Amino acid sequence: MGRRKKMVENVIQLMDKPQFIRNIGTVAHIDHGKTTFSDNLLAGAGLISQELAGEQLFMDFDEEEQRRGITIDSATVSMVHTYEGQEYLINLIDTPGHVDFGGDVTRAMRAVDGAVVLVDAVEGPMPQTETVLRQALRENVKPILFINKVDRLINEIKLTPEDMQMRLGLVIDKVNKIVKGLKPDEYDKLKLDPVVGKVAFGSALNNWAISVPYMKKSGIGFKEIIELCKADNQAELAKKCPLSVVMNDMIIRFLPSPIDAQKERIKVIWHGDKESEIGKSMINVDRNGKIALMITDITTDPHAGEVASGRLFSGTLERGKEIFISGMPNANRIQSVGIFMGPDRLECDKIPAGNIVAVTGLTDAIVGSTASTDKTMTPFESIRHVSEPVMTVAVEAKHMKDLPKLVEVLRQVAKEDPTLKVMINQETGEHLLAGMGELHLEVVAGRIQRDKHVEITTSKPLVVYRETISDHVGPVEGKSPNRHNRFYVEVEPLSPAIIELIKSNGISMRQGEVERRDILMKAGMSKDEAKSITHIYETNMYIDMTKGIQYLNETMELILEGFEEVMKAGPLSREPVMGVKVKLMDAKLHEDAVHRGPAQVIPASRQAIQAAMLMAGATLLEPFQKVFIQVPQDQMGGAMREMQGRRGQILDMKTEGDLTIIESKAPVAQLFGFSGDIRSATEGRAMWSTEFMGFEPIPNNMLTEIVTAIRQRKGLKLELPKASDFLSP
């Protein structure tokens, strides 16, 4: 343990020197070797034994992860590496690769400045590689590349040195193509060039890696690598070019310190005034400035309660300090601060800016909160997840006595994982969990029973639909129950360009009015509409087109509450709404405030929008997933039939050697049980992966049947609603 204790002391000393800190994450497609790779770095730093590196999977310390053999949660660890005589502190986050846990990757990318992208040399860049790269580049995180499992090219596929270099060159080109597509303006700076040393090749399982600069330094080239691999002597390679040394050197050389990174990243993740005191403090990583902490993860410790971890951009955290959580009225007092060492949390006296920290005592915090000593600080941009919840299960407590505890546990689970949506239906008493896919919901249900000790039963998974409209309608009049207030609204579909802007954080209500107006006009919105936006909820917009109506300002909050109620549960089947623009064209309000209270205004605002949506051709959208299948050519027919039998469409087909790669898309509703069926259709020889693709309209001939089924499940009247149901006579 002596070496580990010394390591901890070094970590604490280096925290104070942001120029010698590197905050990095590993990102990759599932099973491309991230956790095995992390083991190697930890062994190099003396945190685990060299013999166990690659097998211990130190960062997968949760028993569910060990049982399934995949990473489910991001895990953080701090270690020290000496480069050119100087010690550096590396804070590493190991992220999941499975598409169902992509939310963890997005959140981790907010905390780090650099990413090691891992690609399997045999499989090459996969769909999830592109997704995770996109998440990193969107947060202005700089990538370097590690091509893993190179030994398989030599021992299994038996490539010649020339073929091997071609194969590796192809992988690098594919990854660079993704980078260029996502960041064309900055491609020269971000390009992954092996000659410079931004790319390494190796085998995480066998603990060795090599890069072009290291080849020159060690005198080992591809020829020697091939000879040693063929001779089954990879242990010799691990001695001559240990993965931890090659990769840590690369990380320190090419990935930025907080001092360099925060200058660039603050522009993207914070829309406040860069000249303000806190703005300058974050750009300069000022340890004496006000605290600015972005919370990216919340876990529950059985002894310490909730632990919020995240990136500290400015100030110094210490026990007893009071800090404000964005949107909350009262300050929270910090009970302890520390850093993560995989499963362990080490407490420190204080931690300065530029580090990834773990804090207890922030009871008001949720993932994505901004914590600061400055109550008026503009919060960081909210974290946007790439995919949305597409599946729901109903959860019930097995024993009635556990019911109050279950409600508490579900709230806790939703706090820890913001990609989960928890809905508690007060009328029917139903508890619904919406998640990213079957595996996501299965893991969460397992944890509720194992960690929170509540026995539950879950229903079969159901698909989450979205409601939208196809036409422009209006004005439609909504009257308040006392007839004294009237609202006239128009509704129309939002253009895809503007929906994309909302999703990618290109526009938000936190921006300055003029900045937002200019972006929207560029996207094709008229000036009058662009300057009158009052509210954006999910991918829906409320625009106030009225002029000079008395008392409207005082009433607007209630009007928007009515709007939000409809957007959460649309008129057709009470499913969430997306892509709708609501315009308030005129309003008549009673002069006495008593007659325009919540009980009058909210229903009037809500019913006008509900009726208008039904008149405007309300329809349902269903979630689609892209399905990538790799299958030997003689099994291709079985795989194709399996997809086509599920309302799937084949988008593209390629052959590589004797493998066929089928790119297709299918509705999530048809993909239940897909893994078992595709195995039996291809004698278990198909490899497949999915990624979220967005929502598409349901075929017209299925609409009535699906809406009726949803209404029946929710205990609503079975006949389809009409606009007249919502309008007062």
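1. Remarks on the overall build of the protein
A count of helices and strands for the protein gives 24 helices and 32 strands. By principal-axis analysis of the C-alpha atoms, the protein measures approximately 85 × 65 × 55 Å. Within the protein, the fraction of its 729 residues that count as buried is 57%. Put simply, of all contacts in the protein between residues at least 6 apart along the chain, 72% involve residues at least 24 apart. A total of about 30900 Å² of accessible surface is found on the protein, and carbon and sulfur atoms cover 50% of it. Side chains of the protein give 89 positive and 101 negative charges; the mean places of these two sets differ by 2 Å.

2. A look at the confidence of the model for the protein
Averaged over all residues, the pLDDT of the protein equals 85, while 92% of them reach at least 70. Of the regions scoring below 50 in pLDDT, residues 53-58 engages in 21 contacts with residues more than four places distant in sequence or in other chains.

3. Observations concerning the sheet that holds strand S28 (residues 580-588)
Read from one edge to the other, the open sheet built from 5 strands follows the order S24-S25-S28-S27-S26, with strand pairing classed as mixed. Each of the sheet's edge strands pairs with one partner strand only, and the pair in question is strand S24 (473-479) and strand S26 (533-537). Averaged over neighbouring strand pairs, the angle between their axes works out to 25° when direction is ignored. Sheet analysis places strand S27 (residues 540-544) next to S28, joined by 4 bridges and oriented parallel. By the bridge assignment, Ile543 is partnered in S28 with Lys583. Taken strand by strand, helix H21 (residues 598-615) contacts S24, strand S25 (486-493), S27 and S28, and its axis lies near 150° from that of S24.

4. Quick look at helix H15 (residues 403-416)
An α-helix turns once every 3.6 residues. As a result, residues three or four positions apart point the same way. For H15, spanning 14 residues, the distance from its first C-alpha to its last is 20 Å, which sits close to the expected 20 Å at 1.5 Å a residue. Looking only at H15, the buried set comprises Leu406, Val407, Val409, Leu410, Gln412, Val413, Lys415 and Glu416.

5. Some details on the side chain of Asp417
Counting through the fold element by element, Asp417 comes out in the loop between H15 and strand S19 (421-425). A residue is classified by how much of its surface remains accessible, and Asp417, at 15% relative accessible area, is buried. Those residues in contact with Asp417, other than ones at most four positions away along the chain, are Arg107 and His440.

6. Examining empty space enclosed by the protein
Tallied over the entire structure, the rule returns 3 cavities of 30 Å³ or more. Lining of the largest cavity is provided by Leu137, Asn140, Val141, Lys142, Lys183, Glu186, Lys189, Leu190 and Glu264.

7. Examining the packing of aromatic side chains
Applying the stated criterion across every chain, the model contains 7 aromatic pairs. Seen from their ring centres, Phe37 and Phe146 are 5.2 Å apart, and the 35° between their planes marks the pair as tilted. Pair noted here: Phe37 is in helix H2 (residues 34-44) and Phe146 is in strand S5 (residues 142-148), with a separation of 109 residues, a long-range link. Phe37 sits in the buried class, given a relative accessible area of 0%. Residue class for Phe146 comes out buried when judged on its relative accessible area of 0%. Connected via pairs of aromatic rings, a cluster forms that spans Phe20, Tyr83 and Tyr88. One residue, Arg596, lies across the ring of Tyr551, its end atom 4.2 Å from the ring centre. For Lys665, the ring lying beneath its charged end belongs to Phe624, and the centroid distance is 5.4 Å.

8. Description of the pattern of salt bridges
Evaluated as defined, the whole model comprises 41 salt bridges. One salt bridge in this structure joins Glu236 and Lys240, with 3.6 Å as the shortest N-O distance. Here Glu236 pairs with Lys240, and both are found in helix H11 (residues 234-240), just 4 residues apart, close to one helical turn. Taking relative accessible area as the criterion, Lys240 reaches 43% and is therefore assigned partly exposed. Between Lys479 and Glu477 there is a salt bridge whose closest N-O contact spans 4.0 Å. Judged by relative accessible area, which is 26%, Glu477 ranks as partly exposed. Taken together, the salt bridges that share partners define one network made up of Arg110, Asp113, Glu139, Arg265 and Arg311.

9. Details of the nonpolar core
Residues Ile147, Met247, Leu293 and Leu362 are the most contacted members of the largest nonpolar core, which totals 102 residues. Those residues in contact with Ile147, other than ones at most four positions away along the chain, are Val119, Ala121, Leu168, Val171, Ile172, Val199, Ala200, Phe201 and Gly202. In terms of nonpolar packing, the next biggest core, distinct from the first, is built from 67 residues, Ile448, Ile469, Phe487 and Ala618 among them.

10. So, the environment of Thr392
With respect to the helices and strands, Thr392 occurs in strand S18 (residues 391-397). Under the relative-accessibility criterion, Thr392 is labelled buried at 6%. Separated by 49 residues in the primary sequence, Thr392 and Leu441 place their C-alpha atoms 8.0 Å from one another. If near-sequence neighbours (up to four positions away) are discounted, Thr392 is found in contact with Leu432, Leu433, Ala434, Leu441, Lys460, Pro461, Leu462 and Val464.

11. Here we look at unusual backbone geometry
Note: most residues except glycine have negative phi, and most peptide bonds are trans. A positive phi angle is found at Asn140, which is not glycine, with a value near 65°. Topologically, Asn140 is positioned in the loop between helix H5 (127-138) and S5. Phi angles above zero are rare outside glycine, and Asp232 is one such case at about 55°. Residue position: Asp232 is located in the loop between helix H10 (222-230) and H11. Look at Asp232 and you get exposed, because its relative accessible area is 64%.

12. Quick notes on the environment of Gly579
Topologically, Gly579 is positioned in the loop between helix H20 (552-568) and S28. Considered as a pair, Gly579 and Pro256 are 323 residues apart in the sequence and their alpha carbons are 39 Å apart. Leaving out residues up to four positions away in the same chain, Gly579 has contacts with Thr468, Glu492, Pro493, Leu494, Ile499, Thr539 and Asn540.

13. Description of the packing of helix H22 (residues 636-644) against helix H23 (residues 674-681)
Axis separation between H22 and H23 bottoms out at 8 Å; the angle between their running directions is 150°. On the basis of their axis angle, the class for H22 and H23 is roughly antiparallel. At the point where H22 passes H23, the crossing takes the right-handed sense. The residues of H23 that touch H22, namely those facing Gly638, Ala639, Glu642 and Met643, are Phe674, Asp677, Ile678 and Ala681. Across the contact of H22 with H23, the residue classes break down as 5 nonpolar, 1 polar and 2 charged.

14. Considerations on the side chain of Arg596
With respect to the helices, strands and loops of the structure, Arg596 is situated in the loop between S28 and H21. Here the side chain of Arg596 touches His590 through a polar contact of 2.6 Å, landing on its backbone oxygen. Of the polar contacts made by the side chain of Arg596, one reaches the backbone oxygen of Glu591; its length is 3.3 Å. When neighbours within four sequence positions are excluded, Arg596 is seen to be in contact with Asn485, Tyr551, Glu554, Thr555, Leu558, Leu589, His590, Glu591 and Val601.

Definitions and cut-offs
- Residues numbered from 1 in each chain as written.
- Predicted model: local features only at pLDDT ≥ 70, side-chain atom pairs only at ≥ 80, totals over all residues.
- Heavy atoms only, no water.
- Helix = DSSP H or I, 4+ residues; strand = E, 2+ residues; numbered from the N terminus.
- Buried < 20%, exposed > 50% of the residue type's maximum accessible area, 1.4 Å probe, protein only.
- Contact = heavy atoms within 4.5 Å.
- Areas by Shrake-Rupley, 256 points an atom, 1.4 Å probe, with all protein chains shown as cover.
- Lys, Arg positive; Asp, Glu negative; His and termini not counted.
- Charge placed at Lys NZ, Arg CZ, Asp CG, Glu CD.
- pLDDT = per-residue confidence, 0-100.
- Pairing = 2+ DSSP bridges.
- Axes fitted to C-alpha atoms, helices over the stretch in contact; angles between N-to-C directions.
- Expected span 1.5 Å × (residues − 1).
- 1 Å grid on protein atoms, 1.4 Å probe; cavity = no way out; pocket = protein on both sides within 12 Å on 5 of 7 lines; lining within 4 Å.
- Points joined across faces, edges and corners; volume = space filled by probe spheres on them.
- Phe/Tyr/Trp six-rings, centres within 6.5 Å; stacked < 30°, edge-to-face > 60°.
- Lys NZ or Arg CZ within 6 Å of the ring centre and 35° of its normal.
- Salt bridge = Lys/Arg side-chain N within 4 Å of Asp/Glu carboxyl O.
- Core = buried A, V, L, I, M, F, W, Y, C linked by side-chain atoms within 4.5 Å.
- Parallel < 35°, antiparallel > 145°, perpendicular 65-115°, else oblique.
- Left-handed = near helix turned anticlockwise from the far one by under 90°.
- Nonpolar A, V, L, I, M, F, W, Y, C, P; charged D, E, K, R; others polar.
- Polar contact = N/O pair within 3.5 Å; in protein donor to acceptor, adjacent residues only side chain to side chain.

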